[in-house]
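Structural overview for review
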Amino acid sequence: MALPATLSVSLNFSSGATFGIPFTLSDPVNGILDTNILSASTTPALVADLTAQTRSINIRRGRNIYRDTYEAGTCIVRIYDPDSSFNPQNTSSPYYGQLTPLKKLRKLRISASVNGVSYYLFSGYTTDYKYSYDQAENMAYVDISASDAFRLLNLASIETVTGASAGQDTGTRIGKILDTVNFPTQMRDIDTGNTLTVNDPATLRTSLQAIKNAEFSEQGALFCSPEGDIIFKNRHETIGSAAGTPLAFNQSGGIPYANLKFAFDDSLIINSVSFQRIGGTAQAYQDADSIATYFPHGLSTSELIVATDAEVANLAKIYVATRSDTTIRIDEMTLDLQDPAVPTATILALDYFDNVQITNIQPDSSTITKNLQVQGIAHNITAQTWTTVLTTLEPIVDGFILSSSSYGLLNDDILSY
């Protein structure tokens, strides 16, 4: 059975963090004017096309629902290597001397094309190569592992942030941190923040820790896109995203699914917090009704870069208000892209904050309907199979949305700041 999309797997040996791939005539991924780079050379020494050699692809991207944060996206591609091209000791290999993990930031990129439209599934940097053979040791396979730009940011330590100053919004501060570690400007999509910051504390930490501080202080969202870009959505953007029209998944008439992962527990509840900014006083907030029902579920954090105590108090309130109650959850669902009833292009176009409505008929004939958001995507692909697992969550920040039937109810929904 043929796969529902045409895959492209490439390994870029050029220097630098950018994923610029030379323009290739008639290529649906690398032949896009105003997107790909015009170059005098498209030799395999620059970009290796591994599509024909690829035997399986496993991609994981998204938010860890229990740690309440976006984590580094990862990918493992298994390739068939009959000529030992990926043996680092093979001096006749076209890649000899080029296979050191992260050397000059070797870049792995996966894309898929449907009806001439291309969708990136993953863009990241190689971390290791693992070799295996069949029992007779005649057939060689190489598992190429890669991680997205979060890994680079976690490896880059900083102490001072060039250009940081009090009064900057969180988006500007994130940009200054990225400038400090020379992350390419063309690989950023950074919103203007809704929260102002204090001066940078000039403490030793990783650049990812510094950026995550700004993300939490904003109650926004910071993640890597499948194109490899750093994305930052401000608080108003994350709240407003819940107003979008959901994509319907159900057992009759909508997009079919399998393996819903239900949960009904208190693991995501936070009903008591103490937040403190740099140079400020701790701001505590509790939901007494939630504590009476579920017992205390606390969180404490300090050294936030928020400019004022009043803003920290607002942050504490919206954080607790978003997480102080629980209901039955659908944490995951699995889609079979080989099923003709599953619209491949629609699924490949999904990304974080896209809204989905999942309807499930229970064995007792009762119905559960949940309006959720995509917050994680995993692809598991072989020559004959393609399953996509979506992590689905309630909005990560609640707020009042005018004219919304779900988030626009007075005396029920949260008035955000």
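Residues numbered from 1 in each chain as written. Predicted model: local features only at pLDDT ≥ 70, side-chain atom pairs only at ≥ 80, totals over all residues. Heavy atoms only, no water.

1. Some thoughts on the overall build of the protein chain
Helix and strand counts for the protein chain come out as seven helices and 21 strands. The proportion of buried residues among the 417 residues of the protein chain is 50%. Sequence-distant contacts in the protein chain: of pairs separated by 6 or more residues, those separated by 24 or more amount to 69%. Accessible surface, the protein chain: about 19,100 Å² in total, of which carbon and sulfur atoms supply 50%. (Helix = DSSP H or I, 4+ residues; strand = E, 2+ residues; numbered from the N terminus. Buried < 20%, exposed > 50% of the residue type's maximum accessible area, 1.4 Å probe, protein only. Contact = heavy atoms within 4.5 Å. Areas by Shrake-Rupley, 256 points an atom, 1.4 Å probe, with all protein chains shown as cover.)

2. Side note on the confidence of the model for the protein chain
For the protein chain, the average pLDDT comes to 89, and 87% of its residues sit at 70 or higher. Here residues 408-413 is a poorly scored stretch, pLDDT under 50, and it has nine contacts once near neighbours within four places are set aside; other chains count. (pLDDT = per-residue confidence, 0-100.)

3. Quick notes on the sheet that holds strand β15 (residues 272-277)
Spatial strand order, β16-β15-β17: three strands in an open sheet with mixed pairing. Of all strands in the sheet, those bounded by a partner on one side alone are β16 (283-286) and β17 (298-304). Put simply, the sheet's adjacent strands are angled 10 degrees from each other on average, direction ignored. As defined by bridge partners, β15 adjoins β17 across five bridges and the pair is classed as parallel. Among the inter-strand pairings, Ser-274 is bridged to a residue of β17, identified as Ser-300. Contacting β15 and β17, helix α3 (residues 207-218) crosses the sheet at an angle of about 120 degrees to β17. Contacts from helix α6 (residues 309-323) reach β15, β16 and β17, with the element oriented near 155 degrees to β15. (Pairing = 2+ DSSP bridges. Axes fitted to C-alpha atoms, helices over the stretch in contact; angles between N-to-C directions.)

4. Some thoughts on the environment of Pro-340
With respect to the helices, strands and loops of the structure, Pro-340 is situated in the loop between β18 (329-336) and α7 (344-348). Taking the relative accessible area as the measure of exposure, Pro-340 reaches 79% and is therefore exposed. When the C-alpha positions of Pro-340 and Pro-4 are compared, they lie 8.5 Å apart, and in sequence the two are 336 residues distant.

5. A few points about α3
Here α3 spans 17 Å end to end across 12 residues, near enough to the 16 Å set by a 1.5 Å rise per residue. Every buried residue of α3 is accounted for by Ser-207, Leu-208, Ala-210, Ile-211, Lys-212, Asn-213, Ala-214, Glu-215, Ser-217 and Glu-218. Note on α3: the residue one or two positions beyond its end, Gln-219, has a positive phi of about 60 degrees. (Expected span 1.5 Å × (residues − 1).)

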